[in-house]
Amino acid sequence: MSCFHGDPNFCPECGTVLPIPGMEDTVTCRRCSYNISVTEFADVTITSSVVFNSLEGSSTTMEAEEGGELKGPVIDRKCSRCGQEGMVYHTRQMRSADEGQTVFYTCMHCRYQEKEDS
């Protein structure tokens, strides 16, 4: 009996995405080596899509919701400009994928923005 049930694109044993069935009689999970008969994939359509964000309106600044409140999680961080506690943050991958993300902080009180490279 398997631990996971549901979408046939995932291993029922460990939950890893399964490779696309090939010419073999079984599909083998690359993580846990669980084998599934290719007959399990009969009449199953696998689709994927890529959605790109619009370039319009993109910036490194936080967008304000209606009413002027900032979106995003709030942390206990002191603003270096006004000294108040509480900043909203978001992350972006600004450099190559093998380097850390850049964290952008926005003060909830004076809207001062600062960044931290990790």
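Structure's up top.
Here the structure is a predicted model, which means the values were calculated and not measured.

> For this particular structure, what's the right way to read the nonpolar core?
The nonpolar side chains of a soluble globular protein tend to be buried with one another. Cys-11, Cys-14, Leu-18, Val-27, Cys-29, Ile-36 and Phe-41 form the largest nonpolar core, which has seven residues in total. Beyond its immediate sequence surroundings of up to four residues, Val-27 is in contact with Leu-18, Pro-19, Pro-21, Tyr-34, Asn-35, Ile-36, Val-38 and Phe-41. Counting five residues, the second-largest nonpolar core is a separate cluster that includes Cys-79, Met-87, Val-103 and Cys-107.

> Help me understand the packing of aromatic side chains, please; the structure alone is not making it clear to me.
Any pair of aromatic rings gets described here by the distance separating the centres and the angle formed by the planes. Taken as a whole and judged by the stated rule, the model has one aromatic pair. A centroid spacing of 6.3 Å and a plane angle of 45° characterise the contact between Tyr-89 and Tyr-105, whose relative ring orientation is tilted. With Tyr-89 in strand β4 (residues 85-92) and Tyr-105 in strand β5 (residues 102-107), this pair connects stretches of sequence that are 16 residues apart. The aromatic ring of Tyr-105 is capped on one face by Arg-77, whose charged end is 3.8 Å from the ring centroid.

> Would you mind showing me how to read the sheet that holds β5 here?
Pairing between sheet strands relies on hydrogen bonds along the backbone, with the strands arranged either parallel or antiparallel. With antiparallel pairing, the four strands of this open sheet are ordered in space as β3-β4-β5-β6. On the outer flanks of this sheet lie β3 (74-78) and β6 (113-117), each paired with one strand and no other. Pairwise comparison of adjacent strand axes, ignoring direction, gives a mean angle of 40° for this sheet. Both β4 and β5 contribute to a ladder of six bridges, which runs antiparallel. Following the sheet pairing, Val-88 is matched in β5 by Thr-106.

> Hey, could you run me through the environment of Met-87 in this one?
In this structure, Met-87 sits in strand β4. For Met-87 and Phe-104, which are 17 residues apart along the polypeptide, the C-alpha to C-alpha distance reads 9.7 Å. In this view, Met-87 contacts Pro-73, Val-74, Ile-75, Arg-77, Lys-78, Cys-79, Tyr-105, Thr-106, Cys-107, Met-108, Tyr-112 and Glu-114; residues no more than four positions away in its chain are not counted.

> I keep staring at the environment of Cys-79 and nothing clicks. Help me out?
For Cys-79, the position within the fold is in the loop between β3 and β4. Cys-79 sits in the buried class, given a relative accessible area of 3%. Those residues in contact with Cys-79 that lie beyond four places of it in its chain are Gln-84, Met-87, Cys-107, Cys-110 and Tyr-112.

> How should I be thinking about unusual backbone geometry in this particular structure?
Excluding glycine, a negative phi dihedral is what most residues carry, and trans is how most peptide bonds are arranged. Of note, Ser-33 is a non-glycine position whose phi angle comes to about 65°, a positive value. By secondary structure assignment, the location of Ser-33 is in the loop between β1 (26-28) and β2 (35-37). The exposure class assigned to Ser-33 is partly exposed, which follows from its relative accessible area of 48%.

Cut-off values and rules
Within each chain, residue numbers correspond to sequence positions counted from 1 in written order. Residue-level local features of this predicted model are given only where pLDDT is at least 70; pairs of side-chain atoms are given and counted only at 80 or more, and the full residue set underlies all totals for whole chains, interfaces and linings. Each side-chain value is worked out from all heavy atoms of the structure, with water and hydrogens disregarded. Side-chain atoms within 4.5 Å link the members of a nonpolar core, which is a set of buried Ala, Val, Leu, Ile, Met, Phe, Trp, Tyr and Cys residues. Exposed residues in this analysis have more than 50% of their type's maximum accessible area, buried residues have under 20%, and partly exposed residues fall in between, with area computed by a 1.4 Å probe over protein chains only. Between two residues, a contact is recorded if the distance between any of their heavy atoms is within 4.5 Å. Pairs were defined over the aromatic rings of Phe, Tyr and Trp, the Trp ring being its six-membered one, requiring ring centres within 6.5 Å. Orientation was assigned from the angle between planes: stacked under 30 degrees, edge-to-face over 60, tilted for the rest. Secondary structure counts use DSSP, requiring at least four H or I residues in a row for a helix and at least two E residues in a row for a strand, with both numbered from the N terminus. Both a distance and an angle decide whether a charge sits over a ring: NZ of Lys or CZ of Arg must be within 6 Å of the ring centre and within 35 degrees of the ring normal. Two strands pair under a simple rule: DSSP has to find at least two bridges between them. In this analysis, axes come from line fits to C-alpha atoms, helices being fitted only over the stretch in contact, and the angle between any two N-to-C directions falls in the range 0 to 180 degrees.

Function-wise, these values are silent; they only describe arrangement.
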